[in-house]
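# Tertiary structure, described
Each chain, letter by letter, is given below.
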Amino acid sequence: MKSISADLLKPGMIFSNPIYTSGNNIFVHAETPIEQKDLDNLRKMGVNTVQVDGVPYFNETEDEPSVKNKAESSLNAESGNSDSPIVDIRAISDDQKNKGAYRTYISLIERMNMSLLRISSKDAILENQSISLISAELLYAIKDQREQFVSFILGGKVKGYEMAKSSINTAILSALVTQELKFPNHKTINIIIGALLHDAGMLRLPREITEKRGELSEAERQRMRSHPLLAHRIITKELKYNDEIGDVVLQHHERWDGDGYPYGFTGNKIDVGARIVSIADAFEAMVSQKPYRNPIVGYQAIKNLLADNSRRFDPNLLKVFIYIMGIYPIGSIVLLNNNIVARVTEVRAEAPLRPKIQILIDKDKKIYAGDEEHYIDLLAEKHIYITKAMTAKEIFDLNV
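These notes cover the structure that comes with them. (Residues numbered from 1 in each chain as written. Predicted model: local features only at pLDDT ≥ 70, side-chain atom pairs only at ≥ 80, totals over all residues. Heavy atoms only, no water.)

### Observations concerning the overall build of the protein chain
The condition is simple: Only runs of H or I of at least four residues qualify as helices and only runs of E of at least two qualify as strands under DSSP, and these elements are numbered from the N terminus. Throughout, exposure labels follow a simple rule: accessible area from a 1.4 Å probe, protein chains only, divided by the maximum for the residue type, with under 20% read as buried, over 50% as exposed, and the rest as partly exposed. We call two residues in contact whenever any of their non-hydrogen atoms come within 4.5 Å of each other. Calculation of accessible area relied on Shrake-Rupley with a 1.4 Å probe; when residues are assessed, cover is drawn exclusively from the protein chains displayed.
Along the backbone of the protein chain there are 15 helices and 11 strands. A total of 400 residues make up the protein chain; the buried ones form 47% of that total. Of the contacts made within the protein chain by residues no fewer than 6 positions apart, 61% connect residues no fewer than 24 positions apart. For the protein chain, the exposed surface amounts to about 20000 Å²; the carbon and sulfur share of it is 50%.

The structure is reproduced here in structure tokens:
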């Protein structure tokens with residue numbers, strides 16, 4: 001670890017280890033590009049030196065624009081601010097796409113975590129620009145790689161950054177619904193930002209409430225239910241976002257039957273963005289690891305949503321969500337009737353029980369690395385079918 005002048009840092013620089021301002025105070029996380037606003041904040045804090053380890057690099061080439069530039073091009077093109085077409089991604093292998101998509105996914109989580117930390121410490125200067133850019137990059141990234149990003153939600157092994165990860169996952173799922181409904185770009189972006197910040201109010205609640213393992217008292221429960229109001233204040237007063245984004249956050253715990261909070265709105269009186277985020281948030285919570293329980297497999301999470309019966313969720317939006325995700329969502333691990341274990345790689349709305357799958361473990365318990373010949377299209381192979389979705393414990397019990 002060595003000290004260097006802050007003047008040597010440039011936007012776009014990446015270090016393999018975190019950069020520190022002093023002691024254990026992280027300035028930028030590992031593998032996260034430095035942004036101009038980060039450098040501006042350093043100057044405002046009067047920090048002249050930082051502690052770094054390793055040699056910096058820039059993760060861009062002339063023939064492959066950065067994700068940031070692609071996202072900005074996408075926004076400009078769709079909003080009518082440019083006559084240029086959206087930049088096409090170069091043709092690369094599926095393995096390279098997956099690796100690139102996963103790096104983008106991790107980067108989005110890390111950057112969202114930094115934004116949430118600044119909001120938590122009430123140091124949200126210019127943070128709306130950072131979050132807006134995250135939302136644009138996320139939208140661009142999932143347009144061509146939807147399957148990969150859904151699989152990361154169900155099978156990603158990201159440790160830590162729980163709120164940031166939940167925010168990114170909820171935003172991805174919400175964006176998929178808005179795309180299916182063909183919402184205009186500005187409305188989609190507003191809903192994505194609302195999804196990213198839907199639990200921001202939790203940052204202003206005491207940790208003894210938000211991290212309590214046991215049952216909450218009635219007073220604590222009421223305090224917890226104030227987090228949409230706190231989030232609305234953060235979004236509209238501190239981050240200066242518009243009321244459309246504020247309503248997404250304020251109303252995402254309202255229920256279709258009127259038994260939600262904070263206002264008890266019913267049906268279509270609830271903001272449509274809030275209704276979308278409510279479904280995405282519920283699914284994300286079920287398939288994610290929690291301190292008090294293991295994650296639910298995607299198939300069971302879909303079954304739980306189907307059992308709602310118009311109580312919590314807008315039934316029409318729920319149909320759209322399930323149409324997109326399928327009965328066995330992408331990334332689900334399934335057992336076939338011939339005792340093969342496989343991963344769902346592509347779903348079909350018109351044939352939800354016949355997805356495309358990748359063999360992981362054959363009937364003789366041989367493990368496959370994912371070669372192309374080990375993909376099966378269940379729509380074509382009528383004699384093969386899924387018997388059940390598998391949990392991690394069931395896979396472990398196979399003793400392969």
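### Details of the packing of aromatic side chains
Within a pair of aromatic rings, the relevant descriptors are the distance that separates the centres and the angle that separates the planes. The criterion, for reference: Aromatic contacts are taken between Phe, Tyr and Trp rings whose centres are within 6.5 Å, Trp giving its six-membered ring; a plane angle under 30 degrees counts as stacked, one over 60 as edge-to-face, and the others as tilted.
What the rule picks out here adds up to 8 aromatic pairs. Relative to phenylalanine 149, the ring of tyrosine 105 has its centre 6.4 Å away and its plane inclined at 75 degrees; by these criteria the two rings are edge-to-face. Note that tyrosine 105 is positioned in helix H3 (residues 94-120) and phenylalanine 149 in helix H5 (residues 146-155), a separation of 44 residues in sequence. No difference in accessibility class separates tyrosine 105 from phenylalanine 149, as the two residues are buried. Judged by centre distance (5.4 Å) and plane angle (65 degrees), the rings of phenylalanine 283 and phenylalanine 321 are edge-to-face. On the criterion of sequence distance, the pair formed by phenylalanine 283 in helix H12 (residues 272-287) and phenylalanine 321 in helix H14 (residues 315-325) is long-range, its members being 38 residues apart. Given the relative accessible area of 2%, phenylalanine 321 is considered buried.

### Examining empty space enclosed by the protein
Inclusion rule: Here a cavity is any set of points on a 1 Å grid over the protein atoms alone where a 1.4 Å probe fits but cannot get out, and a pocket is any open set with protein on both sides within 12 Å along at least 5 of 7 lines; a residue lines the site when it has an atom within 4 Å of a point. Grid points are joined across faces, edges and corners, and a volume is the space filled by probe spheres set on the points. Just so you know the grouping, Ala, Val, Leu, Ile, Met, Phe, Trp, Tyr, Cys and Pro go in nonpolar, Asp, Glu, Lys and Arg go in charged, and all remaining residues, Gly too, go in polar.
Scanning the model with the defined rule gives 2 cavities of 30 Å³ or more in all. Size it by volume and the largest cavity reaches roughly 70 Å³. Along its surface, the largest cavity is lined by Phe27, Val28, Thr32, Pro33, Glu35, Lys37, Asp38, Arg111, Met114, Ser115, Arg118 and Ser130. Among the secondary structure elements, those contributing two or more residues to the lining of the largest cavity are strand S4 (25-28), helix H1 (36-45) and H3. Broken down by element, the residue count for the lining of the largest cavity peaks at 4 residues, all from H3. Its boundaries defined by the atoms lining it, the second largest cavity holds a volume of some 40 Å³. Lining the second largest cavity we find Glu254, Trp256, Ile270, Arg275, Ser278, Arg312, Phe313 and Asp314. Of the residues in the lining of the second largest cavity, the class split is 3 nonpolar, 1 polar and 4 charged.

### Things to note about unusual backbone geometry
Peptide bonds are, in most cases, trans, and in most cases residues other than glycine have a negative phi. For the bond running from tyrosine 261 to proline 262, omega is 10 degrees, close enough to zero to count as cis. Tracing the chain through its elements places proline 262 in the loop between helix H11 (243-250) and H12. Despite not being glycine, asparagine 309 has its phi angle at roughly 55 degrees, a positive value. Asparagine 309 sits in the exposed class, given a relative accessible area of 59%. Positive phi is not limited to glycine here, since serine 310 has a value of about 60 degrees.

### Examining the pattern of salt bridges
Counted only if it meets this: We define a salt bridge as a side-chain nitrogen of Lys or Arg found within 4 Å of a carboxyl oxygen belonging to Asp or Glu.
Scanning the model with the defined rule gives 16 salt bridges in all. A salt bridge links aspartate 38 to arginine 118; the shortest N-O distance between them is 2.7 Å. Remark: arginine 118 occurs in helix H3 and aspartate 38 occurs in helix H1; sequence separation between them is 80 residues. Note on accessibility: aspartate 38 and arginine 118 belong to one class, buried. Note that arginine 255 is salt-bridged to aspartate 257, the shortest N-O span being 3.1 Å. Arginine 255 gets classed as partly exposed once you look at its relative accessible area, which sits at 22%.

### Structural notes on the packing of helix H6 (residues 162-180) against helix H7 (residues 185-196)
Applied cut-off: Here, axes are lines fitted to C-alpha atoms. For helices the fit covers the stretch in contact, and angles between N-to-C directions go from 0 to 180 degrees. Roughly parallel means an angle under 35 degrees; roughly antiparallel means over 145; roughly perpendicular covers 65 to 115; every other angle is labelled oblique. We call a crossing left-handed when the near helix sits turned anticlockwise from the far one by less than a right angle, and right-handed when that turn is clockwise.
Where H6 contacts H7, the axes come no closer than 8 Å and their chain directions differ by 155 degrees. The angle between H6 and H7 falls in the class roughly antiparallel. As H6 packs across H7, the resulting crossing turns out to be right-handed. Taking contact as the criterion, the partners of Ser167, Ile168, Thr170, Ala171, Ser174, Ala175 and Thr178 in H6 are, on H7, Thr188, Ile191, Ile192, Ala195 and Leu196. Grouping the constituent residues of the contact of H6 with H7 by class yields 7 nonpolar, 5 polar and no charged.

### What about the pairing of strand S7 (residues 333-336)?
Convention followed: Two strands pair if DSSP finds at least two bridges between them.
Residues Ile333 and Leu335 point to one face of S7 and Val334 and Leu336 to the other, with burial holding for every one of them. Between S7 and strand S8 (residues 341-346), which pair antiparallel and follow one another directly, the connecting turn spans 4 residues, one of which, asparagine 339, has a positive phi of 70 degrees.

### What to know about the side chain of arginine 348
Under the convention used in this document: N or O atoms within 3.5 Å of each other form a polar contact, as long as, within protein, one can give a hydrogen and the other can take it, and as long as residues adjacent in sequence are counted only when both atoms are side-chain atoms.
In this structure, arginine 348 sits in the loop between S8 and strand S9 (356-361). Of the residues examined, arginine 348 reaches a relative accessible area of 13% and is grouped as buried. Within the structure, the side chain of arginine 348 is placed 2.9 Å from the backbone oxygen of arginine 354, a separation counted as a polar contact. Ignoring any residue separated from it by four or fewer positions in sequence, one finds arginine 348 in contact with Arg354, Pro355, Lys356, Asp377 and Leu379.

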